[in-house]
Amino acid sequence: MNEPRVLTTRRSLITGLASSGGLLLAGCSESQPPTYGNVLRMADNFTYRAQRLLLPRTALATEYDRRDITSIPAIGTTDPADPHQGAYNEKNGTLYAQLRRARFADWRLRIEGSVSRPGSWSLSDLRRLPARIQITRHTCEEGWSAIAEWTGVPLHRVLQAVGVSSSARFVNFYAFDDTAESIDMFDAVHPQTILAYGMNGAELPIAHGAPLRLRVERQLGYKSVKFIDRMVVTDRFEDMGKLSEPRNGWAWYVGI
Ligand SMILES: Nc1nc2c(c(=O)[nH]1)N[C@H]1C(S)=C(S)[C@@H](COP(=O)(O)O)O[C@H]1N2
Ligand SMILES: [Mo]
């Protein structure tokens, strides 16, 4: 990700312009993204409003043919057990190494929050639900894109199975590296939002997020959290601080 020096520069820019950002956006009280508040997030506000107002709930991202599949680099954390990587977390990294040794047989997706049946899901539990296979373009905020095939369970099926409360508005995802992201219910129930355990017809490789990663096809790459450990359904937006991308001034909502 970014060098600390760049961050500092960006932070001072944010601080400097925060108030004018607020002024410009005054009056937009409807359909605001929950992170409204600094100049780099003006895009949040605009794209969020536009997409929520203009696109039908089920507007699909383009899906491709097998022959369109390209090579895809592994970006960010490629091994949560590697202490030399940026978002390394010692406790989770050690746990991840253990789970990987047993080919994730003991891994469980913990599901918590505003649901009537919180619990732990194994890979075979997830595989038992109907799967979706989609060939889509991954677009990274750093300026590259690639096409791959993803196999997984649509998130709405899991949410249905655990019984989401009517008050629920967001779903938070926590990874084995120090990474977390949240999406709103609109994206959570979108037919192409899947918890993927397979890629290009094989098991999801470690570097691409094994044993489970999110695919949010209508947003930029960093929303597609790899190495998922825990999922929390919430009624209110939770600022995940340094765990999530807005820590760098990146937008929370990055619709494409
Ligand atoms: N847990 C975790 N998820 C992550 C990242 C990361 O560093 N850690 N990087 C994000 C970014 S910026 C991108 S572009 C994609 C890259 O996915 P890939 O490595 O499968 O290409 O994963 C996203 N999900
Ligand atoms: Mo990215």
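Details of the structure are given in the entry above.
Below or above, wherever it landed, is the structure these notes cover. In this text the structure is predicted, and so the values were computed from the model without any measurement.

## Digging into helix H5 (residues 155–162)
- Residues of H5 that are buried include every one of Leu155, Val158, Leu159 and Val162, and no others. For H5, the buried positions fall inside an angular range of 100 degrees around the axis, keeping them on one side.
- The first or second residue beyond H5 is Gly163, which carries a positive phi of 70 degrees.

## Remarks on the side chain of Lys226
- As for its placement among the helices and strands, Lys226 is situated in the loop between strand E9 (213–215) and strand E10 (228–234).
- For Lys226, which is buried and forms no salt bridge, the nearest opposite charge comes from Asp177, at a distance of 7.2 Å.
- Here Thr77 takes part through its backbone oxygen, which lies 2.9 Å from a polar atom of the side chain of Lys226.

## Overview of the site of ligand 1
- Around ligand 1, the surrounding shell holds 23 residues, and the nearest of these are Pro73, Asp177, His208, Arg213 and Lys226.
- Backbone polar atom of Pro73 to an oxygen atom of ligand 1: 2.7 Å apart, as the coordinates give it.
- For ligand 1, an oxygen atom lies 2.8 Å from a polar atom in the backbone of Ile75.
- Protein contact buries 97% of the 530 Å² of open area that ligand 1 shows by itself.
- Class assignment of the residues belonging to the shell around ligand 1 gives a composition of twelve nonpolar, seven polar and four charged.

## Considerations on helix H3 (residues 90–101)
- For H3, spanning twelve residues, the distance from its first C-alpha to its last is 17 Å, which sits close to the expected 16 Å at 1.5 Å a residue.
- Taken together, the buried positions of H3 are Asn92, Gly93, Tyr96, Ala97 and Leu99. Projection of H3 onto a plane perpendicular to its axis shows the buried side chains occupying an angular sector of 165 degrees, all on one side. Facing away from the buried surface of H3 by more than 90 degrees, the exposed residues are Glu90, Lys91 and Arg101.

## As for unusual backbone geometry
- The linkage connecting Ala210 with the following residue, Pro211, adopts the cis geometry, with an omega of 5 degrees.
- Considering the arrangement of structural elements, one finds Pro211 in the loop between strand E8 (202–203) and E9.
- Notably, Arg103 is not glycine yet its phi reads approximately 50 degrees, a positive angle.
- Looking at the secondary structure, you find Arg103 in the loop between H3 and strand E1 (109–113).
- Since its relative accessible area comes to 60%, Arg103 is described here as exposed.

Conventions used here
Counting starts from 1 at the beginning of each chain's written sequence and moves along it residue by residue. Just so you know, chain letters begin at A and ligand numbers begin at 1, following the order they were written in. Per-residue local features are limited, in this predicted model, to residues with pLDDT of at least 70; the limit for side-chain atom pairs, both in listing and counting, is 80 or more; totals at the level of whole chains, interfaces and linings are taken over all residues. Remark: hydrogens and water are excluded; side-chain values derive from all non-hydrogen atoms of the structure. Buried means the residue's accessible area, taken with a 1.4 Å probe over protein chains only, is under 20% of the maximum for its type, while exposed means over 50%, and partly exposed covers the values in between. Only runs of H or I of at least four residues qualify as helices and only runs of E of at least two qualify as strands under DSSP, and these elements are numbered from the N terminus. Throughout, the arc means the angular range of directions from the helix axis out to the C-beta atoms. This count recognises Lys and Arg as positive and Asp and Glu as negative, with His and chain-terminal groups excluded. Each reported salt bridge corresponds to a side-chain nitrogen of Lys or Arg within 4 Å of a carboxyl oxygen of Asp or Glu. Think of a polar contact as two N or O atoms within 3.5 Å of one another; within protein, one of them needs to be a possible hydrogen donor and the other a possible acceptor, and neighboring residues in sequence only count if both atoms come from side chains. Definition of nearness: a residue and a molecule or strand are near each other if at least one heavy atom of the residue lies within 4 Å of the molecule or strand. Computed with a 1.4 Å probe, the accessible areas rest on the Shrake-Rupley method; for each residue, only the protein chains presented here act as cover. In this classification, Asp, Glu, Lys and Arg are treated as charged, Ala, Val, Leu, Ile, Met, Phe, Trp, Tyr, Cys and Pro as nonpolar, and every other residue, Gly included, as polar. By this rule, a helix spans an expected 1.5 Å times one less than how many residues it contains.

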